[in-house]
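# Examination of the molecular architecture
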Amino acid sequence: MSAGDKVFAGSIPESYDRYMVPLIFESFARDIAQRAAALSPKAVLETASGSGVVTRALAPLLSPDARYVVTDLNQPMLDYAATRQEQDNRLTWRQADAQALPFEDAAFDLVCCQFGAMFFPDRPSAYREARRVLKPGGTFLFNAWDRIDENVFADDVTNALAEFFPDDPPRFMARTPHGYHDTGLIRSDLAKAGFSNVTIETRAEESRAPSPRQVAIAYCQGTPLRNEIEARGAEKLEAATDHATAAIARKHGSGEVVAKIQAHVIMART
């Protein structure tokens, strides 16, 4: 993972929330929120919260006396997430590194994380931190994208950009969001952190957008893939987005487009 893979700044947070969230994140956020609420936690920590899609889905499902701490490494994403959330005295917003959590031992019933584990440089370290702040009998609930060829639009955009930049193709999507799909490795990393009770479910959903252009903007301008494109020339962003749009249209049509997305949902108990 390159340093730029973790940079969600500038216009990326707003574009991410406007385009990427409805495209691929909302359905999985509803799923993880329902799984989390079914555990009836009184103290919840969310790591790598991004623009707050899980927070918005989970907060209404928690009890009135619950405590919910929402964290992210990127302050711009956390700031944006807070603006999208209704006033709720149960919520606390805090910038935090999942690998060095600023919380006491055994402070939470649940630690949840939607599509953040792929960005952790040292995953066993982050998992050890999750286990440390969990109470006995607590749950670590997170998800991770499956391989890129099981996630059609991400694969389409990656292939299109390989055509557009044949000498130096941007590989952010394959390298990072879809680079942690091996369930054996996930189990091994959790075991290194001290988790022995682990279940993994692979879940498929549909990704929908009103047009190929929406998909191309989502990936090319609403993720750190934008950083990779602009590193090859800031003036190339629109042309690269156009090229991805045309590639998606050729494959899926020019109207509403639908494709498969797939991820692993992992539950580990202390």
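Residue indices begin from 1 for each chain and proceed along its sequence in written order. Reporting of local features is limited, given that this is a predicted model, to residues whose pLDDT is at least 70; pairs of side-chain atoms are given and counted only at 80 or more, and all residues count toward the totals for whole chains, interfaces and linings. Hydrogens and waters are ignored; side-chain quantities use all the structure's heavy atoms.

### Comments concerning the overall build of the chain
Counting from the N terminus, the helices are the DSSP runs of H or I reaching at least four residues and the strands are the DSSP runs of E reaching at least two. Summing up its helical and strand segments, the chain has 10 helices and 7 strands in all. The C-alpha radius of gyration computed for the chain amounts to 18 Å, which stays within 12% of the reference 18 Å derived for 270 residues, consistent with globular compactness. For the chain, the spread of C-alpha atoms along the principal axes amounts to about 50 × 40 × 30 Å. Burial classes: relative accessible area under 20% of the type maximum marks a residue as buried, over 50% as exposed, and values in between as partly exposed (1.4 Å probe, protein chains only). Buried residues in the chain amount to 54% of all 270 residues. Throughout, a residue-residue contact means that at least one pair of heavy atoms, one from each residue, lies within 4.5 Å. Taking the contacts inside the chain whose residues are at least 6 apart along the sequence as the reference set, 81% of them involve residues at least 24 apart. Counting only carbon and sulfur atoms, one obtains 46% of the accessible surface of the chain, whose full area is about 11200 Å². Charge convention: Lys and Arg are scored as positive, Asp and Glu as negative, and His as well as the terminal groups of each chain are ignored. The atoms used to mark charge sites are NZ of Lys, CZ of Arg, CG of Asp and CD of Glu. Across the chain, 30 positive and 36 negative side-chain charges occur, with their mean positions spaced 4 Å apart. Both definitions apply: the radius of gyration is a C-alpha atom measure, and the globule rule equals 2.2 Å times residues to the power 0.38. Accessible surface area values rest on a Shrake-Rupley calculation with a 1.4 Å probe, where residue burial reflects the displayed protein chains alone.

### Some words on the confidence of the model for the chain
You can read pLDDT as the predictor saying how much it trusts each residue, on a scale of 0 to 100. Residues with a pLDDT of 70 or more make up 96% of the chain, whose mean pLDDT is 94. In the predicted structure, residues 4-9 sits below a pLDDT of 50 and forms 23 contacts with residues beyond four places in sequence or in another chain.

### Describing the pattern of salt bridges
Whenever Lys or Arg places a side-chain nitrogen within 4 Å of a carboxyl oxygen from Asp or Glu, that contact is recorded as a salt bridge. Counted under the stated rule, the structure contains 22 salt bridges. The closest approach of N and O atoms between R90 and D88, which form a salt bridge, is 2.8 Å. When its relative accessible area of 17% is taken as the criterion, R90 is described as buried. The structure contains a network of salt bridges with shared partners spanning D31, R35, E201, R203 and E205.

### Description of the sheet that holds strand β7 (residues 257-269)
Spatially, the 7 strands line up as an open sheet ordered β3-β2-β1-β4-β5-β7-β6, and their pairing is mixed. Each edge of the open sheet is held by one strand with a lone partner, namely β3 (91-95) and β6 (197-209). Taking each pair of neighbouring strands and ignoring which way they run, the sheet shows an average axis angle of 20 degrees. Judged from the 4 bridges that link them, strand β1 (residues 43-46) and strand β2 (residues 67-72) form a sheet pairing that is parallel. A pair of strands is labelled paired if DSSP reports no fewer than 2 bridges between them. Helix axes are fitted to C-alpha atoms over the stretch in contact, other axes to C-alpha atoms as well, and angles between N-to-C directions run from 0 to 180 degrees.

### What about the packing of aromatic side chains?
Stacked, edge-to-face and tilted labels apply to pairs of Phe, Tyr and Trp rings (six-membered ring for Trp) whose centres lie within 6.5 Å, assigned for plane angles under 30 degrees, over 60, and everything in between, in that order. Tallying each qualifying case throughout the model produces 13 aromatic pairs. The interplanar angle of 80 degrees and the centroid separation of 4.9 Å between the aromatic rings of F164 and F165 together place this pair among those described as edge-to-face. A residue is classified by how much of its surface remains accessible, and F164, at 27% relative accessible area, is partly exposed. Put simply, the rings of Y16, F25, F28, F115 and W145 touch in pairs and so form one group of aromatic residues.

### Side note on the packing of helix α4 (residues 123-133) against helix α7 (residues 183-192)
For the pair α4 and α7, interaxial distance at closest approach is 8 Å and the crossing angle is 55 degrees. Accordingly, the angle class assigned to the pair α4 and α7 is oblique. The way α4 lies across α7 gives a crossing that is right-handed. Across from R123, P124, Y127 and R128 in α4, the residues of α7 making contact are D189, L190 and K192. Lys, Arg, Asp and Glu make up the charged group, whereas Ala, Val, Leu, Ile, Met, Phe, Trp, Tyr, Cys and Pro make up the nonpolar group; the residues left over, Gly among them, are polar. Residue classes in the contact of α4 with α7 are distributed as 3 nonpolar, no polar and 4 charged. Our angle categories are set so that under 35 degrees counts as roughly parallel, over 145 as roughly antiparallel, 65 to 115 as roughly perpendicular, and the remainder as oblique. By definition, any crossing whose near helix is turned counterclockwise from its far helix by less than a right angle is left-handed, and any crossing with a clockwise turn is right-handed.

### Digging into unusual backbone geometry
Here the phi dihedral of S40 falls at roughly 50 degrees; this positive angle occurs in a residue that is not glycine. As for its placement among the helices and strands, S40 is situated in the loop between α1 (12-37) and β1. Residue classification places S40 among the exposed positions, given a relative accessible area of 54%. Within the chain, A48 stands out as a residue other than glycine whose phi angle is a positive 50 degrees. Its place among the elements puts A48 in the loop between β1 and α2 (53-58).

### Topic: the pairing of strand β5 (residues 134-145)
When you tally the buried positions in β5, you get 9 out of 12 residues, the bulk of the element. Judged from the 6 bridges that link them, strand β4 (residues 108-114) and β5 form a sheet pairing that is parallel. Bridging across to β5, F108 finds its partner in L134. The definition of a right-handed crossover adopted here requires that, viewed with the strands pointing away, the path from the first strand over the helix to the second runs clockwise. A crossover links β4 with its parallel partner β5, the connecting element being α4, and its sense is right-handed.

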